[in-house]
Amino acid sequence: DKVYLFKVDGVAKKLVPEAQSIEVAVGTGPRHCVMNAAGTRLFVIGELTSTIDTIDVATRQSIARISTLPPEVDLSNNAMFHQKIKQSECAAIRISPDGALLFGSNRGDDSLVVCNMAGDMPQPIGHFRLGCRTPRDFFVDPQGKFVLGMSQDDNKVVMF
């Protein structure tokens with residue numbers, strides 16, 4: 001439950017580990033992260049807790065945590081998560097090209113959370129069903145006009 005930081009040594013062409021890592025709550029299972037354009041906030045998606053932690057880069061502390069899940073989680077359309085895993089888990093996280101929106105995918109609930117990024121603190125504004133099972137990854141168009149969701153279990157790419 002740590003995020004390890006590395007500096008890029010362009011001369012030696014290698015990654016150099018920093019001494020201090022970032023800790024998140026026990027059991028989070030940090031999966032992926034993105035950073036705001038200013039480099040002041042890191043957003044870490046927790047695979048096991050279906051959360052997004054906002055990390056202050058200067059202090060390396062989590063300053064906020066939000067759920068990626070809608071109020072009513074629906075696992076009924078995803079047999080693996082419904083019968084075996086028994087919970088939804090997160091996969092990917094992205095920021096829109098203009099920095100105004102943050103997205104996170106929920107495998108099991110098979111949805112995307114969309115957050116407003118005003119003030120560099122994500123605030124959920126909606127949850128959208130992707131129409132595919134187990135969205136492992138997604139792509140935000142460079143112009144921010146559409147999102148492609150890629151599913152692990154039914155071999156679909158959906159656009160919205």
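Everything below is about the structure shown above.
Residues numbered from 1 in each chain as written. Predicted model: local features only at pLDDT ≥ 70, side-chain atom pairs only at ≥ 80, totals over all residues. Heavy atoms only, no water.

**As for the overall build of the chain**
Regarding its fold elements, the chain presents one helix and 15 strands. Computed over C-alpha atoms, the radius of gyration of the chain comes to 16 Å, within 12% of the 15 Å expected from 2.2 N^0.38 for 160 residues, which places it in the range of a compact globule. Along the longest, intermediate and shortest principal axes, the C-alpha atoms of the chain span 50 × 35 × 30 Å. Within the chain, buried positions represent 40% of all 160 residues. Taking as baseline every contact in the chain between residues at least 6 positions apart, the subset at least 24 positions apart corresponds to 38%. Taken as a whole, the chain presents about 8,700 Å² of accessible surface, with 55% of it coming from carbon and sulfur. Distance from the positive charge centre (17 side chains) to the negative charge centre (18 side chains) of the chain: 5 Å. (Helix = DSSP H or I, 4+ residues; strand = E, 2+ residues; numbered from the N terminus. Rg over C-alpha atoms; globule rule 2.2 N^0.38 Å. Buried < 20%, exposed > 50% of the residue type's maximum accessible area, 1.4 Å probe, protein only. Contact = heavy atoms within 4.5 Å. Areas by Shrake-Rupley, 256 points an atom, 1.4 Å probe, with all protein chains shown as cover. Lys, Arg positive; Asp, Glu negative; His and termini not counted. Charge placed at Lys NZ, Arg CZ, Asp CG, Glu CD.)

**Description of unusual backbone geometry**
Backbone geometry places K13, a non-glycine residue, at a positive phi of 55°. With relative accessibility at 73%, the residue K13 sits in the exposed group.

**A look at the state of the cysteines**
Within the structure shown, the criterion is met by zero disulfides. Cysteine C115 remains unbridged, with the sulfur of C90 as its closest cysteine sulfur at 10 Å. Considering cysteine sulfurs only, C90 is the nearest to C132, which forms no disulfide, with 15 Å between them. (Disulfide = S-S within 2.5 Å.)

**Description of the sheet that holds strand β12 (residues 123–129)**
Hydrogen bonds along the backbone pair up the strands of a sheet, which may run parallel or antiparallel. Taking strand neighbours across the sheet as the criterion, the four strands line up as β9-β10-β11-β12 in an open arrangement whose pairing is antiparallel. Only two strands of the sheet have a single partner each, and these edge strands are β9 (89–95) and β12. Taking each pair of neighbouring strands and ignoring which way they run, the sheet shows an average axis angle of 20°. With five bridges connecting them, β9 and strand β10 (residues 101–107) associate as antiparallel partners. Bridge assignment links E89 to a residue of β10, and that residue is R107. (Pairing = 2+ DSSP bridges. Axes fitted to C-alpha atoms, helices over the stretch in contact; angles between N-to-C directions.)

**Details of the environment of P70**
Its location among the elements puts P70 in the loop between β8 (61–67) and α1 (79–85). Overall, P70 belongs to the buried group, its relative accessible area being 13%. Distance from P70 to M159, taken between C-alpha atoms, is 21 Å for residues 89 residues apart in sequence.

**Concerning the environment of V157**
Turning to its location among the elements, V157 is positioned in strand β15 (residues 157–159). Along the sequence, V157 and P135 sit 22 residues apart, while their C-alpha atoms lie 9.2 Å from each other. Once residues lying within four places of it in the same chain are set aside, the contact partners of V157 are L148, G149 and M150.

**What about the side chain of T51?**
Tracing the backbone through its elements, the reader meets T51 in strand β7 (residues 51–56). Reaching out from T51, the side chain makes a polar contact with the side chain of T49 at a distance of 2.7 Å. If we ignore the near neighbours within four places in the chain, the residues touching T51 are T28, V44, I45, G46, R65, I66, S67, T68 and C90. (Polar contact = N/O pair within 3.5 Å; in protein donor to acceptor, adjacent residues only side chain to side chain.)

**Brief notes about the pairing of β10**
Looking down a regular strand, the side chains alternate between one sheet face and the other. Among the seven residues in β10, six count as buried, and that is most of the element. Counting the residues between successive antiparallel strands, the hairpin from β9 to β10 contains five residues, one of them, G99, with a positive phi of roughly 75°. Pairing of β10 with strand β11 (residues 111–116) involves six bridges; the strand directions are antiparallel. Residue pairing across strands places L101 opposite N116, the latter belonging to β11.

By themselves, these figures tell us nothing about what the structure is for.
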